[in-house]
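Residue-level structure breakdown
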Amino acid sequence: MHLPSSLLIAAPLLATVSAEPIRIARHDVSLVSTSQEVAIRALPNSPSGGYAPAVVDCPKTKPTVRKALDLSEEEKDWLSTRRKNTITPMRDLLKRANIAGFDVESFMNEAAKNISQLPNVAIAFSGGGYRALMNGAGFVAAADNRIKDTMAAGGIGGLLQSTTYLSGLSGGGWLVGSLFSNNFSSVETLLSENKVWDFENSIFKGPKEAGISTVNRIQYWTEVAQEVAQKMEAGFETSITDYWGRALSYQLIGDDMGGPAYTFSSIAQTDNFKKADTPFPILVADGRAPGETIISLNATNFEFNPFEMGSWDPTIFGFAPTKFLGANFSNGVIPSGGNCVQGLDQLGFVMGTSSTLFNQFLLANITNYEGVPDLLIKAVTAILENIGEDKNDVSQIIPNPFLDWNNKTNPNHGAFELDLVDGGEDLQNIPLNPLIQPVRAVDVIFAVDSSADVTNWPNGTALRATYERTFGSISNGTLFPPIPDDWTFVNLGLNNRPSFFGCDVKNFTFDANLKNQAVPPLIVYVPNAPYTTMSNVSTFDPSYTMSERNDIISNGWNSATQGNGTLDKEWPTCVACAIISRSLDRLGRQTPAACKTCFERYCWNGTVDSRDTGVYMPQWKIAGAHAKDSGAAAFGGKMVNLWSSVVVGVVAAVLLL
């Protein structure tokens, strides 16, 4: 593997402390202003001052639910700035990619004359619990030009700054939510400051600063229970998701008690988001119709963004303002005399809503730990008695913002509560649906898949589910590239390396009866694979040592960069080709020969191999970077080579760079 020079310099120092948890040094902080590094991004702005929502005076113009005919005016305004802000980092990224025979300046100058011609980039992070958060964090780090080593040979730094949308669900949603609740700091900074992502103490034991004694565990869970109780006392219904989201926040939000007053909508009120200096965050959940227990591909897909919460699907086809969730909407309006509510979109609750699969995980384990207070057990038991065991994986938005809305197609139109579940329960474990909507005009999606489809590795099931969904009326005619079956992914190695889908725009056919159909984005599929560590840990592993965490993040980095170009020195070129592909077509420009070579290597060519070839056991991707092949021994999940203390430092140093 190629190591950045700054890490090689640091290697001897790291070697002397290799037995301790590795703290990644902060790099190139000069690229980020002091105020951006220190300031809180998501704001503790709940009007109650805590976890509970509160009734507030409505603005002069009362909030309403709108039809999903277009983007919101707020998102449009934000995009007009963000798209311009991506020009400089994208130009730099494309120049460093060295696409032979391609004039970057000419292309960017032409595309910049009309923002709609610029490449529109999105990154989607799958579900998969802590595995998904850590693997996704490696991709984010590799794509972040604030880390100067990402712009060296083999790097893809600047991809993050060139991105318009960032979506996540379940564990991937934890990553997105955590980034935005912590100043959108670099992954390096988050690890070095050690305020979040400390998974050595499981969520059941509580944060490390509270210690591991029974007394402090009681204090931790008592705080969680009291905050949720305040929500109930304020007149709002609670669910298991409230407890899960509150506990999760202690690990993901770097503020006291996990930032109980932080809201998702407050992201829109921060200076850097107003300036469009970051991508646009989207979290995804599935709707659960009354009486349903099985979530199918026909389930309504909901999104949360800083401005709105709702769905593009024909069942709902509407959006409510995120800031005012909890208000008494009926047929899209707040009745005369009705009140407004703020604070229901508490950030941990939204992250928990996108990951309700873990409600059952919480219920199955909470009583196994000494020190969990009786008041918490009684509160959870009371909720289960009220809602029933078959709804323990549900997050409830009460009142239902889509009450009496779109009554002909909305399965929840008559329900006072809107039931939402984990965004991956319909098998669409990568949050692609918000990004393939024609009105968002996304050109390329980097789909980071940390799913546990086969021996805890992905096999393309999530992509296939989104493709199959497009054949039903639920998709509203939205197109998606053809995707092969799961065995083809395995047998052709498509789940073991990056693969492109939808490369040739000429392969798509359009329905003349549908006015809004458009060429779908090119999909750059980046599956979790064993580059430098066996990162196929269980979705439900509750704790990780620092070195295990860093190893998985490092593996995600190597997945994103193909080992900093070790596996393919042309990989940065191919990333750049994927970014510009749709724009080249719109502008009527020829595809560079270098890009044609990339597409021949990475684009799925339609070959199918559906043979059942047995248990999937992938081989190491980077020789010599793991214990068995390097003569190294493993302890605490960290690979440390025994034959040289210097190599110890080098291996440790690569943990996240």
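Residues numbered from 1 in each chain as written. Predicted model: local features only at pLDDT ≥ 70, side-chain atom pairs only at ≥ 80, totals over all residues. Heavy atoms only, no water.

Among the nonpolar cores identified, the biggest contains 146 residues, and F139, W197, F446, L463 and F500 are the most heavily contacted of them. The element best represented in this core is helix α18 (residues 571–587), accounting for 10 residues. Those residues in contact with F139 that sit more than four places away from it in its chain are I123, F125, L159, F446, V448, V526, G556, W557 and A560. (Core = buried A, V, L, I, M, F, W, Y, C linked by side-chain atoms within 4.5 Å. Buried < 20%, exposed > 50% of the residue type's maximum accessible area, 1.4 Å probe, protein only. Helix = DSSP H or I, 4+ residues; strand = E, 2+ residues; numbered from the N terminus. Contact = heavy atoms within 4.5 Å.)

Tracing the chain through its elements places G348 in helix α12 (residues 347–353). Sequence separation between G348 and R246 is 102 residues, and the spatial gap between their C-alpha atoms is 5.8 Å. Each residue touching G348, except ones within four places of it in the same chain, is listed here: G245 and S249.

This next bit is on the packing of helix α6 (residues 129–143) against helix α7 (residues 171–181). It is at 7 Å that the axes of α6 and α7 come closest, and there the two elements cross at 50°. With respect to their mutual orientation, α6 and α7 come out oblique. Once α6 is placed against α7, the crossing between them reads as right-handed. Every residue of α7 that contacts α6 at G129, Y130, A132, L133, G136, A137 and V140 is listed here: G171, G172, W174, L175 and L179. The residue makeup of the contact of α6 with α7, split by class, is 8 nonpolar, 4 polar and no charged. (Axes fitted to C-alpha atoms, helices over the stretch in contact; angles between N-to-C directions. Parallel < 35°, antiparallel > 145°, perpendicular 65-115°, else oblique. Left-handed = near helix turned anticlockwise from the far one by under 90°. Nonpolar A, V, L, I, M, F, W, Y, C, P; charged D, E, K, R; others polar.)

Attention now goes to unusual backbone geometry. Excluding glycine, residues mostly carry a negative phi; peptide bonds, for their part, are mostly trans. Residue P399 is bonded to the preceding I398 through a cis peptide linkage, with omega at -5°. With respect to the helices and strands, the residue P399 is situated in the loop between β10 (395–397) and β11 (418–422). The phi dihedral of M257 is positive, around 55°, even though this residue is not glycine. Structurally, the position occupied by M257 is in the loop between α10 (240–252) and α11 (271–274). The backbone of A441 sits at a positive phi, close to 50°, despite the residue not being glycine. The topology assignment puts A441 in the loop between β11 and β12 (444–449).

Before going further, it helps to examine the state of the cysteines. Going through the model one piece at a time under the given rule, you end up with 4 disulfides. Between the sulfur atoms of C58 and its disulfide partner C340 the distance amounts to 2.0 Å. Here C58 and C340 share a disulfide; its torsion about the S-S bond, 110°, makes the bridge right-handed. Of this pair, C58 sits in the loop between β1 (54–56) and β2 (66–67) while C340 is found in strand β9 (residues 340–342), placing the two residues 282 residues apart along the sequence. Classification of C340 by relative accessible area gives buried; the value is 0%. Between the sulfur atoms of C577 and its disulfide partner C595 the distance amounts to 2.1 Å. Classification of the bridge connecting C577 and C595 rests on its S-S torsion, roughly -80°, and on that basis the disulfide is left-handed. (Disulfide = S-S within 2.5 Å.)

Now for the pattern of salt bridges. Two side chains bearing opposite charge may form a pair once their charged atoms approach each other closely. For the structure shown, the criterion picks out 15 salt bridges. In this structure, D568 engages R601 in a salt bridge whose closest nitrogen and oxygen atoms are separated by 2.5 Å. Note that D568 is positioned in the loop between α17 (546–561) and α18 and R601 in helix α19 (residues 593–602), a separation of 33 residues in sequence. Judged by relative accessible area, which is 7%, D568 ranks as buried. A cluster of three or more residues bridged by salt bridges with shared partners is formed by D70, E73 and K76. (Salt bridge = Lys/Arg side-chain N within 4 Å of Asp/Glu carboxyl O.)

Tracing the sequence through the fold places N194 in the loop between α8 (187–193) and α9 (214–233). Between the alpha carbons of N194 and G254 there is a distance of 8.8 Å; along the sequence they are 60 residues apart.

For the rest of this paragraph, the subject is the side chain of E223. Checked against the element boundaries, E223 lands in helix α9. Nearest to the buried, unbridged E223 among oppositely charged side chains is R246, at 6.7 Å. Not counting chain neighbours up to four residues away, the residues in contact with E223 comprise Y250 and M257. (Lys, Arg positive; Asp, Glu negative; His and termini not counted.)

Since there are 3.6 residues in each turn of an α-helix, residues three or four apart along the chain are aligned in direction. Residues of α19 that are buried: C595, C598, F599 and Y602. Considered in projection along α19, the buried side chains sweep an arc of 95° and stay on one side of the axis. For α19, the exposed residues lying more than 90 degrees away from the buried face are A593 and E600. Buried residues belonging to α19 abut β13 (499–501) and α18. (Arc of directions from axis to C-beta.)

The next subject is the packing of aromatic side chains. Applying the stated criterion across every chain, the model contains 27 aromatic pairs. Pairing F125 with F139 gives two aromatic rings, centres 6.3 Å apart and planes at 75°, and the pair type is edge-to-face. Of this pair, F125 sits in strand β3 (residues 121–125) while F139 sits in helix α6, and the two are 14 residues apart along the sequence. The class of F125 is buried, set by a relative accessible area of 1%. With a centroid separation of 6.3 Å and an interplanar angle of 65°, the aromatic rings of F500 and F599 are classed as edge-to-face. In this pair, F500 sits in strand β13 while F599 sits in helix α19, placing the two residues 99 residues apart along the sequence. The two residues F500 and F599 agree in class, both being buried. Each member of the aromatic cluster is reached from another via a ring pair, and the members are W78, Y165, F273, F280 and F307. In this structure, K231 packs its charged tip against the face of F349, placed 4.1 Å from the ring centre. (Phe/Tyr/Trp six-rings, centres within 6.5 Å; stacked < 30°, edge-to-face > 60°. Lys NZ or Arg CZ within 6 Å of the ring centre and 35° of its normal.)

This is a description of form; function is not addressed.
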